[in-house]
Amino acid sequence: MRIAMIGTGYVGLVSGVCFSDFGHDVICVDKDPGKIAKLESGEVPIYEPGLDELMAKNVQAGRLSFTTDLAAAVDGAEAVFIAVGTPTRRGDGHADLSYVMAAAEEVGRSLTGYAVIVTKSTVPVGTNRKVKQAVLKAAPEAEFDVASNPEFLREGAAIDDFMRPDRVVVGVQTDRAAQVMADIYRPLYLRDFPILSTDLESAEMIKYAANAFLATKITFINEIAALCERTGADIKQVSKGMGLDGRIGNKFLHAGPGYGGSCFPKDTAALARTAQDYSVPLHIVETVMRVNDSTKTRMVEKLRDLCDGSFNGKTIAVLGVTFKPNTDDMREAPALTIVPALVGGGAKVRVVDPQGEREGAALLPGATWMDNPYGAANNADLLVILTEWNEFRALDLKKLAKKMASPRLADLRNIYSPKDAKRAGFEAYGAVGRSGWSA
């Protein structure tokens, strides 16, 4: 099947590469000539484990190509996926649909025969019907259907999520569109992965509701963690005890410095705004957003306490600044709140992150980027673990403590136990949901 993928951002590129690995003929489109030139030369503009090898394999097989010419890509395509950005619109919290609508109009003008126009971007309820109207306005005689096919890709595990999904959600209006979508996802159907066919609005809502629920689980456990710190309970044990209940499950119950990334912050904001527009305010979701922001601020105060009440003149080593491991994505990362607070408070901040510097260098002015944790810890007053990269899970704590001027550890991902930190020679320890101590 011939597929056009409009947009080569995270979702569009991963989806296009994976569809080509299914055996489809995929053309990925982007308006940025520089990005297309890099892709054509084999350079992947994002960090996603395994994506470069899979892309090279399918380019070599002749199933995957890149272009800036949308009309040429759409010509003859049986399915056209729109996978452009839907950032939070300034001022009102709505998802900015301008890129989606612009793409829909251009696709409409480029259609040469029947195609299913599939919205892959995360969009509010009702958007696919607006897409249909935009296409009809641009090309009243066009023969097409629209479909909603939200993505559920975790950064750092996107290829596995695409190839082995919990479910594929497809919202359609006609049997013809349903058949095209079934043909696209046939390799998954043959392996018995669940494919849920719904109406357009339900498919759109599933995406937002799922992300809001996961954001709620994260925020709930972070609130419980704050209470654990006051009561002497250990959040690691509490989370484990909760997660063993099959009704709750253990995923997204890991306390930390708050959620970030490309999905949860903007999707919760868009869902809450949509609900307000329909006069059905989602009080839980609105509270989740507020609590998540306050969690990041609470981490700053935790670090300040470990610095005897002031960052001024302190040297602080920060391990990890991307919003999660195995990605270079800095969007809404807790580091964007925490590191500026350290720098603004007068600290000399050293940052170590395996993939974060490409985006983070401009986003974290005043920080010094270093290659390894041991160099960053040299004569430091505080060591902060902010993102749980594998590289930070088996550190030589004794070696780190000896290098530091004042061996203090803020383990904001609860990788190391208080006992391990104290045995290694750290004089002070802080974590999320665990009581701190001082020697």
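Quick caveat: nothing in here was measured; it's all calculated off a predicted structure.

Q: Is there a simple way to explain unusual backbone geometry in this structure?
A: Glycine aside, residues mostly have negative phi angles, and peptide bonds mostly take the trans form. Even without being a glycine, Ser279 presents a positive backbone phi close to 60°. Topologically, Ser279 is positioned in the loop between helix H12 (264–277) and helix H13 (283–306). Residue Ser279 is classed as exposed on the basis of its relative accessible area, which comes to 63%. Residue Asp308 is not a glycine yet carries a positive backbone phi of 60°. Relative to the helices and strands, Asp308 is located in the loop between H13 and strand E9 (315–319).

Q: Looking at this structure, I do not really get the environment of Ile338. What am I missing?
A: Relative to the helices and strands, Ile338 is located in helix H14 (residues 335–344). By relative accessible area, which is 1% here, Ile338 ends up buried. Considered as a pair, Ile338 and Ala56 are 282 residues apart in the sequence and their alpha carbons are 38 Å apart. Residues in contact with Ile338, not counting those within four places in the same chain, are Pro257, Lys296, Met299, Val300, Leu303, Leu386 and Leu412.

Q: When you look at the side chain of Thr127 in this model, what are you seeing that I'm missing?
A: In this fold, Thr127 is placed in helix H6 (residues 127–138). Residue class for Thr127 comes out buried when judged on its relative accessible area of 1%. Here Pro124 takes part through its backbone oxygen, which lies 2.7 Å from a polar atom of the side chain of Thr127. For Thr127, the contacting residues outside a window of four places in its chain are Leu97, Met101 and Glu204.

Q: I'm lost on the packing of helix H10 (residues 200–231) against helix H11 (residues 235–243) in this one. Help?
A: Relative orientation and spacing of two packed helices are given, respectively, by the angle between their axes and the distance between those axes. Following both chains from N to C, one finds H10 and H11 inclined at 135°, their axes separated by 10 Å at the closest point. If you check the angle between H10 and H11, you find them oblique. Like other packed secondary-structure pairs, H10 and H11 cross with a definite hand, here right-handed. For the pair H10 and H11, the contacting residues are Phe220, Ile221, Ile224, Ala225 and Cys228 in the first and Ile235, Val238, Ser239 and Met242 in the second. Split into classes, the residues belonging to the contact of H10 with H11 amount to eight nonpolar, one polar and no charged.

Q: Hey, could you run me through the packing of aromatic side chains in this one?
A: Two aromatic rings are characterised by how far apart their centres lie and by the angle between their planes. Within this structure, the stated rule accounts for eight aromatic pairs. Look at Phe19 and Phe81: their rings are 5.0 Å apart centre to centre, the planes differ by 45°, and that puts the pair in the tilted class. Of the two residues, Phe19 is situated in helix H1 (residues 10–21) and Phe81 in strand E4 (residues 79–82); the sequence distance between them amounts to 62 residues. Grouping residues by exposure puts Phe19 and Phe81 together as buried.

Q: Explain the pattern of salt bridges to me, please; I cannot follow it from the model alone.
A: Oppositely charged side chains are able to pair whenever their charged atoms sit close together. By the definition in use, this model includes 22 salt bridges. Between Lys31 and Glu106 there is a salt bridge, and its shortest N-O distance comes to 3.1 Å. With Lys31 in the loop between strand E2 (25–29) and helix H2 (33–40) and Glu106 in helix H5 (residues 98–110), the pair connects residues that are 75 residues apart, well separated along the chain. On the accessibility criterion, Glu106 (23% relative accessible area) is partly exposed. Between Arg331 and Asp329 there is a salt bridge, with the nearest N and O atoms lying 2.8 Å from each other. Assessed through its relative accessible area of 43%, Arg331 is described here as partly exposed.

Q: Would you mind going over the nonpolar core with me for this structure?
A: Ranked by internal contacts, the top residues of the largest apolar core, which has 43 residues, are Leu13, Phe19, Phe81, Met181, Ile184 and Tyr185. Broken down by element, the residue count for this core peaks at seven residues, all from H1. Not counting residues up to four positions away in its chain, the partners in contact with Phe81 are Ile3, Ala4, Met5, Ile6, Phe19, Val118, Lys120, Asn149, Met181 and Ile184. Core analysis: the next-biggest nonpolar cluster, separate from the first, contains 34 residues, Ile117, Tyr208, Ala212 and Leu271 among them.

Criteria and thresholds
Residues numbered from 1 in each chain as written. Predicted model: local features only at pLDDT ≥ 70, side-chain atom pairs only at ≥ 80, totals over all residues. Heavy atoms only, no water. Helix = DSSP H or I, 4+ residues; strand = E, 2+ residues; numbered from the N terminus. Buried < 20%, exposed > 50% of the residue type's maximum accessible area, 1.4 Å probe, protein only. Contact = heavy atoms within 4.5 Å. Polar contact = N/O pair within 3.5 Å; in protein donor to acceptor, adjacent residues only side chain to side chain. Axes fitted to C-alpha atoms, helices over the stretch in contact; angles between N-to-C directions. Parallel < 35°, antiparallel > 145°, perpendicular 65-115°, else oblique. Left-handed = near helix turned anticlockwise from the far one by under 90°. Nonpolar A, V, L, I, M, F, W, Y, C, P; charged D, E, K, R; others polar. Phe/Tyr/Trp six-rings, centres within 6.5 Å; stacked < 30°, edge-to-face > 60°. Salt bridge = Lys/Arg side-chain N within 4 Å of Asp/Glu carboxyl O. Core = buried A, V, L, I, M, F, W, Y, C linked by side-chain atoms within 4.5 Å.

So yeah, pure geometry; function would need other evidence.
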